[in-house]
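# Structural overview for review
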Protein chains: 2
Amino acid sequence: MYSTGVDTVERLIESTRELLWERGYTGTSPRAILERAGVGQGSMYHHFDGKADLAQAAIERTTQELRTEVGKLFAGPGPALDRITTYLRRERDVLKGCPIGRLTQDPDVVTNPDLRRPVDETFAWLKALLTAVLTDGQNNGELDASLDPAATASTIIAVMQGGYVLARAGNDPAYFDQAMVGVVALLDRARTDAGRAS
Amino acid sequence: MYSTGVDTVERLIESTRELLWERGYTGTSPRAILERAGVGQGSMYHHFDGKADLAQAAIERTTQELRTEVGKLFAGPGPALDRITTYLRRERDVLKGCPIGRLTQDPDVVTNPDLRRPVDETFAWLKALLTAVLTDGQNNGELDASLDPAATASTIIAVMQGGYVLARAGNDPAYFDQAMVGVVALLDRARTDAGRAS
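Residues numbered from 1 in each chain as written. Chains lettered and ligands numbered in written order. Predicted model: local features only at pLDDT ≥ 70, side-chain atom pairs only at ≥ 80, totals over all residues. Heavy atoms only, no water.

### Quick look at the state of the cysteines
- For the structure on display, the rule yields 0 disulfides over all chains.
- Unpaired in terms of disulfides, Cys98(A) finds its nearest cysteine sulfur in Cys98(B), a separation of 18 Å.
- With relative accessibility at 6%, the residue Cys98(A) sits in the buried group. (Disulfide = S-S within 2.5 Å. Buried < 20%, exposed > 50% of the residue type's maximum accessible area, 1.4 Å probe, protein only.)

In structure tokens form, the structure reads like this:
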């Protein structure tokens, strides 16, 4: 079998992404990556320093995709809370967990600055995005001025991450959904009369 | 070295609990358990069928302790939302994550019914407890009758679980705290005038 360098790198990164999601970082051996990618050990070490280096490339690609996808969702029109509700309720592969958030439970990820950084930066990016959307909603008069946009943004991200945990514990996506229903109802209480009418 | 059977069982369970919290299930080898417990392989297999059996005993003990602790907290007096706020804000070893919730990110836990069951049952127990506290608050006239107690209970548990995720991602307990501040402020909006005055 012959493959170009680009093909090899691509197959290694995609195989690592799949395995990180399925098995976590600690549960993924270099050998499993090689087998899934169908490349030899020499090829891997030609392009990457090892498992951590490859995982970093895989995590960075996953976070980049998530940013693109979520950024598009929030670029659309509509009242602030409606856009957030759409985001909270959009279909997800809930039982697989969040490909980013799940990594934080892995001790070998959180103790490795190169692996933790893209995870941390993605949550910081998401928090800044949600804070801006909530602030827009206040400036437009849809949302109560007493709402703390940054704390509320943290709560929204946390309830999603925790929703994945509950769904996996119960092996049922309905556990995720119910947590979203609850937070959407709480957020609705922060709508102004104008925000309710819109 | 000589130890009684009770000592050996105890050391095996406690060592497994520590390792599950530090390294997760997939990241914990039978050998690491034996080393930490200071017992031989024969002793372990005399008392337990293997790693999964031992992990089940460890998880069941951890969930039992958590239920006792949380049950005590909610047995105290006070308005419903004040008790929930105290629960959300009590000190925790946040950066270590939730010893129960973290397990759901481990593929070898969620695919093993014996290991997933105690985790699932603990969340179901906690949800029933919080639902009852919120319902009490409504019956006492502290909380708005339009609040959905079960969905809100799910949201509260999810925001805590997600708070651990954010804290670990940022390596900073303040990320957990901010998510709690946000949900407490949202819950406060569901207080009735009587609930606000109390």
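### A few points about the relation of the copies chain B and chain A
- When chain B is fitted to chain A, the residual RMSD is 0.0 Å, and the transformation amounts to a turn of 180° plus an axial shift of 0.0 Å. The operation mapping one copy onto its partner corresponds to a two-fold rotation axis.
- Here 100% of the contact residues of chain B are again contact residues in chain A; the copies associate through an equivalent surface. (Least-squares fit on C-alpha atoms with pLDDT ≥ 70 in both. Contact = heavy atoms within 4.5 Å.)

### Things to note about the side chain of Thr28(B)
Residues and elements named next belong to chain B.
- Relative to the helices and strands, Thr-28 is located in the loop between helix H1 (5–23) and helix H2 (30–37).
- By relative accessible area, which is 3% here, Thr-28 ends up buried.
- What Thr-28 contacts, discounting residues up to four positions off in sequence, is Leu-19, Leu-20, Arg-23, Ile-33 and Lys-51. (Helix = DSSP H or I, 4+ residues; strand = E, 2+ residues; numbered from the N terminus.)

### Some details on the interface of chain B and chain A
- Contacts between the two partners involve 47 residues from chain B, matched on the other side by 47 residues from chain A.
- Ranking the residues of chain B by area buried against chain A places Gln105(B), Leu186(B) and Arg189(B) at the top, with a combined share of 20%.
- Inspection of the region where chain B meets chain A yields 4 salt bridges.
- Between Asp108(A) and Arg23(B) there is a salt bridge, with the nearest N and O atoms lying 2.9 Å from each other.
- Counting the contacts that link chain B with chain A gives 20 residue pairs in polar contact (both at pLDDT 80 or more).
- Taken together, the elements giving at least two residues each to the side of chain B that touches chain A come down to H1, helix H6 (107–110), helix H7 (113–139), helix H8 (149–170) and helix H9 (173–188) of chain B.
- Among the elements that make up the side of chain B that touches chain A, the one with the highest residue count is H8(B) (16 residues).
- Of the residues that constitute the side of chain B that touches chain A, the class distribution is 20 nonpolar, 16 polar and 11 charged. (Buried area = accessible area lost by both parts, 1.4 Å probe. Salt bridge = Lys/Arg side-chain N within 4 Å of Asp/Glu carboxyl O. Polar contact = N/O pair within 3.5 Å; in protein donor to acceptor, adjacent residues only side chain to side chain. Nonpolar A, V, L, I, M, F, W, Y, C, P; charged D, E, K, R; others polar.)

### Some thoughts on the UniProt feature "domain: HTH tetR-type" (unreviewed entry) in chain A
- Mapped onto the present numbering, the UniProt feature "domain: HTH tetR-type" (unreviewed entry) falls on residues 6–66 of chain A.
- End C-alpha atoms of residues 6–66 of chain A are separated by 23 Å, and the span's content is 80% helix alongside 0% strand. (UniProt positions renumbered as here; feature names shortened; annotations may be inferred.)

### A few points about helix H7 (residues 113–139) of chain A
Residues and elements named next belong to chain A.
- For H7, spanning 27 residues, the distance from its first C-alpha to its last is 38 Å, which sits close to the expected 39 Å at 1.5 Å a residue.
- Measuring from the side-chain oxygen of the N-cap residue of H7 to the backbone nitrogen of Asp-114 gives 2.9 Å; that N-cap residue is Asn-112.
- Of the residues flanking the end of H7, it is Gly-141, one or two places downstream, whose phi is positive at about 80°. (Expected span 1.5 Å × (residues − 1).)

### Considering the side chain of Ser154(B)
- Along the chain, Ser154(B) falls in helix H8.
- On the basis of relative accessible area, Ser154(B) is assigned to the buried category, the value being 3%.
- Sequence-distant contacts of Ser154(B), defined by excluding residues within four places in its chain, comprise Leu166(A), Gln178(A), Ala179(A) and Lys127(B).

### What about the nonpolar core?
- Within the largest apolar cluster, 112 residues are counted, with the highest numbers of intra-cluster contacts made by Leu12(A), Ile84(A), Leu88(A), Leu12(B), Ile84(B) and Leu88(B).
- Leave out the neighbours within four places in its chain, and Leu12(B) touches Ile33(B), Leu34(B), Ala37(B), Val39(B), Met44(B), Phe48(B) and Leu54(B). (Core = buried A, V, L, I, M, F, W, Y, C linked by side-chain atoms within 4.5 Å.)

### Overview of the packing of helix H1 (residues 5–23) of chain A against helix H4 (residues 51–75) of chain A
Residues and elements named next belong to chain A.
- One can describe the packing of H1 onto H4 by two numbers: an axis separation of 9 Å at closest approach and a directional angle of 75°. Viewed along their axes, H1 and H4 adopt a mutual orientation that is roughly perpendicular. Contacts from Glu-10, Leu-12, Ile-13, Glu-14, Thr-16, Arg-17 and Leu-20 in H1 reach Leu-54, Ala-55, Ala-57, Ala-58, Ile-59, Arg-61, Thr-62 and Glu-65 in H4. (Axes fitted to C-alpha atoms, helices over the stretch in contact; angles between N-to-C directions. Parallel < 35°, antiparallel > 145°, perpendicular 65-115°, else oblique.)

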